[in-house]
Amino acid sequence: MIDKQRIQDALKTAIDYSTADQLEVLASGRSMALTRFSNNSIHQNVAETNVSISIRAVIDKRQGYASTNRLDERSIKEMVDKAIEIAKHRPPDSGFVSLPEPRPVIMRDLVSELTVDYSPDERASDIGKLVGVVEPSNLTAAGAYSTGYSTIGVANTLGVNAVETISEAELRAVVMSGTGSGYTSATATSVNNIDIEALAEAAKSKALAGQNPIDLEPGTYTVILEPDAVADMVSFMAFAGFGALSVQEGRSFMKDKLGEKIMSPNVSIWDDALDPNTIGLTFDFEGVPKQKVVFIDNGVANAICYDSYTANKEGKQSTGHALPAPNTYGPLPLNLIMAPGANTVDDMVKSCERAILVSRFHYTNLEDPIKTTLTGMTRDGTFLIENGEIVKPIKNLRFTQSIVNALAGVEMVSEARLLKNAILGAAYVPWLKIGAFTFTGATQF
Amino acid sequence: MKELTSLALDVAKTFGATYADIRIIEEQSESIVIKNGRVDEISASTNYGFGVRVLANGAWGFAGSFLVEKPEVERVARLAVEIAKASALLAKQSVELSPVPVVQDRYTSDVQIDPFAVSLEDKLALLSGAEEIVRKTQGVTISSASMHISREKKIFANLEGSYIEQEITESGAALDAVAIQGSDIQERSYPNSHGGDVASAGYEFIQGMLLKENAPRIAEEAVQLLSAKPCPSGELTIILNGDQLALQVHESCGHPVELDRVLGMEASFAGTSFLTLDKLNTFQYGSPIVNINSDATIPRALGTFGYDDEGVPAQRFDIIKNGMFTGYLTSRETAPVLGQNSNGCMRADGWGRLPLVRMTNVSLLPGDSSLEQMIDGVKDGLFLSTNRSWSIDDKRLNFQFATQIGWEIKNGKLGAMIKNPNYTGITPEFWNSCDAIAGKDEWRVWGLANCGKGEPMQVAHVAHGAAPARFRNVKVGVGR
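So, how was this worked out
Residues numbered from 1 in each chain as written. Chains lettered and ligands numbered in written order. Predicted model: local features only at pLDDT ≥ 70, side-chain atom pairs only at ≥ 80, totals over all residues. Heavy atoms only, no water. Helix = DSSP H or I, 4+ residues; strand = E, 2+ residues; numbered from the N terminus. Rg over C-alpha atoms; globule rule 2.2 N^0.38 Å. Contact = heavy atoms within 4.5 Å. Areas by Shrake-Rupley, 256 points an atom, 1.4 Å probe, with all protein chains shown as cover. Lys, Arg positive; Asp, Glu negative; His and termini not counted. Charge placed at Lys NZ, Arg CZ, Asp CG, Glu CD. Expected span 1.5 Å × (residues − 1). Buried < 20%, exposed > 50% of the residue type's maximum accessible area, 1.4 Å probe, protein only. Salt bridge = Lys/Arg side-chain N within 4 Å of Asp/Glu carboxyl O. Buried area = accessible area lost by both parts, 1.4 Å probe. Polar contact = N/O pair within 3.5 Å; in protein donor to acceptor, adjacent residues only side chain to side chain. Nonpolar A, V, L, I, M, F, W, Y, C, P; charged D, E, K, R; others polar. Pairing = 2+ DSSP bridges. 1 Å grid on protein atoms, 1.4 Å probe; cavity = no way out; pocket = protein on both sides within 12 Å on 5 of 7 lines; lining within 4 Å. Points joined across faces, edges and corners; volume = space filled by probe spheres on them. Axes fitted to C-alpha atoms, helices over the stretch in contact; angles between N-to-C directions. Parallel < 35°, antiparallel > 145°, perpendicular 65-115°, else oblique. Left-handed = near helix turned anticlockwise from the far one by under 90°. Core = buried A, V, L, I, M, F, W, Y, C linked by side-chain atoms within 4.5 Å. Arc of directions from axis to C-beta.

Student: Residues and numbers for the overall build of chain B, please.
Tutor: Helix and strand counts for chain B come out as nine helices and 24 strands. For 480 residues, the compact-globule formula gives about 23 Å, and the C-alpha radius of gyration of chain B, at 23 Å, lands near that figure. Along the first, second and third principal axes, the C-alpha set of chain B runs to 70 × 55 × 35 Å. Taking the contacts inside chain B whose residues are at least 6 apart along the sequence as the reference set, 75% of them involve residues at least 24 apart. As displayed, chain B offers around 16100 Å² of accessible surface, 49% of which is attributable to carbon and sulfur atoms. Separation between the mean location of the 45 positive side-chain charges and that of the 59 negative ones in chain B comes to 3 Å.

Student: Before we move on, could you go through helix H2 (residues 70-88) of chain B and cite the residues and values that matter?
Tutor: Three or four residues apart is the spacing at which side chains of an α-helix point the same way, because the helix has 3.6 residues per turn. If you check H2(B), its first and last C-alpha atoms are 27 Å apart, about what 19 residues at 1.5 Å a residue would give, namely 27 Å. What H2(B) keeps buried is the set B:Glu72, B:Val73, B:Val76, B:Ala77, B:Ala80, B:Val81, B:Ile83, B:Ala84, B:Ala86 and B:Ser87. On its buried face, H2(B) sits against strand S2 (41-59) and helix H4 (120-134) of chain A together with helix H1 (2-14), strand S2 (38-56) and strand S3 (59-65) of chain B.

Student: Give me the lowdown on the pattern of salt bridges, citing residues and values where you can.
Tutor: Residues and elements named next belong to chain A. This model, assessed by the stated rule, comprises 59 salt bridges over all chains. Measuring nitrogen to oxygen at the nearest pair gives 2.6 Å for the salt bridge that ties Lys12 to Asp16. One end of the pair, Lys12, and the other, Asp16, are both in helix H1 (residues 4-17), four residues apart, so they sit about a helical turn from each other. Looking at Lys12, the relative accessible area reads 51%, which means it is exposed.

Student: Lay out the interface of chain B and chain A with the relevant residues and their values.
Tutor: Each partner contributes residues to the interface: chain B has 82 residues there, and chain A has 76 residues. For the pair chain B and chain A, the summed buried area comes to about 6400 Å², and 51% of that belongs to carbon and sulfur atoms. It is B:Phe66, B:Leu90 and B:Glu455 in chain B that bury the most area against chain A; as a group they hold 11% of the surface buried on that side. Summed over the shared surface of chain B and chain A, the number is 11 salt bridges. Remark: the boundary between chain B and chain A carries 51 residue pairs in polar contact (both at pLDDT 80 or more). In terms of residue count, the dominant contributor to the side of chain B that touches chain A is S2(B) (11 residues). Across the side of chain B that touches chain A, the residue classes tally to 36 nonpolar, 24 polar and 22 charged. The sheet contact formed by strand S3 (residues 62-68) of chain A and S2(B) spans three bridges and is parallel. Directly across from A:Tyr65, in S2(B), lies its bridge partner B:Ser43.

Student: Tell me about unusual backbone geometry, and name the residues and values.
Tutor: For the bond running from A:Ala325 to A:Pro326, omega is -5 degrees, close enough to zero to count as cis. Following B:Tyr190, the chain continues to B:Pro191 via a peptide bond in cis, the omega torsion being -5 degrees. On the secondary structure map, B:Pro191 appears in the loop between strand S7 (184-190) and strand S8 (197-199). For A:Thr372, which is not a glycine, the phi torsion comes out positive at approximately 50 degrees. Within the secondary structure, A:Thr372 sits in the loop between strand S13 (361-368) and strand S14 (373-378). Judged by its relative accessible area of 0%, A:Thr372 is buried. Of note in the backbone geometry, B:Asn411 takes a positive phi value of approximately 50 degrees without being a glycine. Tracing the backbone shows B:Asn411 in the loop between strand S18 (398-410) and strand S19 (413-419).

Student: Any chance you could break down the environment of B:Glu3 for me, citing the residues and the numbers?
Tutor: Residue and element names in this part refer to chain B. Along the chain, the position of Glu3 falls in helix H1. As a C-alpha pair, Glu3 and Arg396 span 393 residues in sequence and 45 Å in three-dimensional space. Separated by 2.5 Å, the side chains of Glu3 and Lys70 make a polar contact.

Student: Can you lay out the pairing of S3(B) for me, pointing to particular residues and giving the numbers?
Tutor: Counting buried residues along S3(B), seven of its seven residues qualify, which places the element largely inside the surrounding structure. Of the two faces of S3(B), both are covered, the one formed by B:Ala59, B:Gly61, B:Ala63 and B:Ser65 as well as the one formed by B:Trp60, B:Phe62 and B:Gly64. Relative to S3(B), S2(A) runs parallel, the two being bridged by four bridges. Bridge assignment links A:Thr49 to a residue of S3(B), and that residue is B:Ser65. Summarising the sheet, S2(B) and S3(B) pair through seven bridges and their orientation is antiparallel. Paired with B:Gly51 across the bridge in S3(B) is B:Gly64. A loop of two residues connects S2(B) with S3(B), the two strands running antiparallel in sequence, and B:Asn57 in this loop sits at a positive phi of about 50 degrees.

Student: Lay out the environment of A:Pro289 in plain terms, naming residues and giving numbers.
Tutor: All names here are of chain A. Secondary-structure assignment places Pro289 in the loop between strand S8 (269-271) and strand S9 (293-297). According to the relative accessible area criterion, Pro289 is buried, its value standing at 8%. On a C-alpha basis, the gap between Pro289 and Ser137 in space is 49 Å, while along the polypeptide they are 152 residues apart. If we ignore the near neighbours within four places in the chain, the residues touching Pro289 are Arg103, Pro104, Val105, Thr282, Phe283, Thr319 and Gly320.

Student: Tell me about empty space enclosed by the protein, residues and numbers included.
Tutor: Applying the stated criterion across every chain yields a total of five cavities of 30 Å³ or more. There is about 130 Å³ of room inside the second largest cavity. The wall of the second largest cavity is formed by 15 residues, among which A:Gln44, B:Trp60, B:Glu333, B:Met346 and B:Pro355 lie closest to the centre. Looking at the lining of the second largest cavity, the elements that each hand over two or more residues are S2 of chain A together with strand S15 (356-357) of chain B. Here the residues of the lining of the second largest cavity are counted per class, giving seven nonpolar, four polar and four charged.

Student: Lay out the packing of H1(A) against helix H2 (residues 73-88) of chain A in plain terms, naming residues and giving numbers.
Tutor: Residue and element names in this part refer to chain A. Where H1 meets H2, the closest approach of the two axes is 9 Å, and the angle between their N-to-C directions is 45 degrees. Relative to H2, the element H1 lies oblique. Crossing hand, H1 versus H2: right-handed. In contact with Ala10, Thr13, Ala14 and Tyr17 of H1, H2 contributes Glu73, Ile76, Lys77, Val80 and Asp81. Across the contact of H1 with H2, the residue classes break down as five nonpolar, one polar and three charged.

Student: So what's going on with the nonpolar core? Residues and values would help.
Tutor: Membership of the largest hydrophobic core comes to 57 residues, with the highest contact counts inside it found for A:Leu225, A:Phe242, A:Ile269 and A:Leu407. Dropping the residues within four chain positions of it, A:Phe242 is found in contact with A:Met237, A:Phe253, A:Met254, A:Ile269, A:Phe295, A:Ile296, A:Ile304, A:Cys305, A:Pro333 and A:Leu336. In this structure, B:Cys253, B:Met346, B:Ile392 and B:Ala460 belong to the second largest nonpolar core, which totals 54 residues.

Student: Can you break down the side chain of B:Ser370 residue by residue, with the values?
Tutor: Residues and elements named next belong to chain B. Turning to its location among the elements, Ser370 is positioned in the loop between strand S16 (362-364) and helix H8 (371-376). A distance of 3.1 Å separates a polar atom in the side chain of Ser370 from the backbone nitrogen of Gln373. Once you skip the residues sitting within four places of it in the chain, Ser370 turns out to touch Ala438 and Glu442.

Student: With reference to specific residues and values, describe H1(B).
Tutor: Residue and element names in this part refer to chain B. If you check H1, its first and last C-alpha atoms are 18 Å apart, about what 13 residues at 1.5 Å a residue would give, namely 18 Å. For H1, the complete set of buried residues consists of Leu4, Thr5, Ala8, Leu9, Val11 and Ala12. One side of H1 holds all its buried residues, which, seen down the axis, span an arc of 160 degrees. Those residues of H1 that are exposed and angled more than 90 degrees off the buried face are Glu3, Lys13 and Thr14.

All quantities given are derived from atomic positions and should not be read as evidence of function.
Here it is, written out as structure tokens:
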């Protein structure tokens, strides 16, 4: 294990050696193992140990960046020198004010030693349990099961210094029959919280229910989106417009909308790394403590998130949403949470005269970031609901739909929520019933 | 280095490996981004490590580490064997590898001007000269220019006796103009979107792009798009420019012919493929003028190398011949399923990742038409250029692409500019509707440095040759 002390030593070496006006160090150590399976058999099985150290040097409003994956003293000093040399050779940035000053960070480690030390044999045994659930029903499973940990530390010459370790366990699996499939996933800080057999049963029942799907004409339908689909959609929306840089550059749907109602009143979305239902560092990649930011408050566009650069531009404080520097994305939320409703999923299904139940989206992509037009396919279980009951599996459909407009039409929200990995970190989201959702095409399976 | 590679292979063998290979890789890269007149990024990065892959008890194990030292090499080789033995606990059949010649060789990509030897001042001047033109164009909201250069030095050795050293240098650049008016956002990119164009070449490739010369055109087009006509909805004839066709080939041909995907090995991530084994040599993938091949030997193309990450020499072979589906991309493990030997498509994203079946340079070969002739043959259609977004289903059938720009074609003439164009289709129906492909004078290779696959995710650098081509009865203006 790359212990925390080694990361702290690396931070100190860089800070002590610096001759820059200001200097920031981001150091990490990571050891991850992943067992991949397909056709009920393990076919890839890997482990990797790596470190990284990234330096941001500031000389007279000029920033230079250098990084390496060597943690020895000589390499760290070389990177500090390199970052300073780069900074000296570039023009000053008048928009740069300062690296962040230190603010109190509630540091915590989320470490399961069992998960850190989980062996290849133990992962194989767990996957064997999953296969044991599905194989007797003539189904095949494919997926990935990963275990390991990351330690991340940030320090700067103004006094910022924060280090945390998080262990990670994640299972993703698709269970397939000849004509139907079901998906399951879970992410946690401990393998003890990954209930392999229960997850396998859920995917199995969906794969069996999804057999022999029928064709359905594309069009606008009421939908019930399961959490995997909701997390995908909300995460793309956050990427498109919840960060200050996208607003400052005028490419966010949130620009000029703060204070306006843009979604259904039963939609509230925030970012909160400290919520016990999610997993995340308590500080961002500049070492600033992560603040809870409510982006959508009962349908009203309420706030956006900042890093130090975008905050200084508006004379505000960073909300603790910086990504590793340098990056072209600006600040983004990595721990999205959506407010629950009061409904059970059964209530939501029963309320539908004719609707489509979507288990999951596939290969979603934004066509227009301001209109939040998203396209993608359904996958691993799409069903027709008629008169309050799930009646038939249907072949996968393509949607082309504005996310903001979809969320303006949310009619019911489930009380239950699940944590799902998405394009931005993880999102803890409910099931949603949306009045009108546009499917523009269909495929052959 | 031979001391370390031998140590890894010996340790693996001692602990039970029947096959083992090691890759030791040193990477160096540099990025520059100028945005809205401000230097947004100048960064330099190095990365060093090794990965050991073994077969033990008939199953795979892989482990990698950043610490290239003897005790760590020994630990990692033992761990790889331990992992392989765990894989064997849940393996349905033993892995058999197709044979490959034992090779001792060295390969270096063609570099005329070492990009790392060019001064920072010269690079900034080249980018800022182009970015300034975009920025000062009335109506442009966001201007940016970027450059990325990298060099990978790689040693491959295996238990069979191969020892291969490769050094591959890559250079690429991009120029972007974004114009925004209310909720209307329009973008034009040069030479291509999503990071521009990249090649296995030196700084001469970036100089040859003529970024400054093309800056006025893309800036003006971005602004003009704000007042352009909306994309019509319906079924029309479309002509795709080579930059968009490159991604069309990538998603609807390159990925579905990866044999590991066909065999289900990617099922849980991006999915499987409609090009199942029974379709080989029997399935009419496209019209008879459609010819697509894989060629890892194209000079300076981004997917070109001397040997793949199993030590198999770079090769050229047909994938689609006269419209018929004739070949997969394979590896030493998957090729025997077809009774073949590997055609050299195993590539890993650095030292810490396992090689997977990947594209090299997958290209639509030139036809005998020209853009002018193709336009002349269209009564009512669209000419579409430069990708804006992409999406395809998990068997690679239903796709939808949006492009940055389009132009109407009316009665054989290119007409008004259109904005927000997109088109959708089903892969074999689409390729069977191809009735003209421009010739070799309009054919060029496009580098694509963001091809994702696998778990953990790997990013591959690939390329696609394409000339403009015409497709009949394509659904456009989806959801508009």
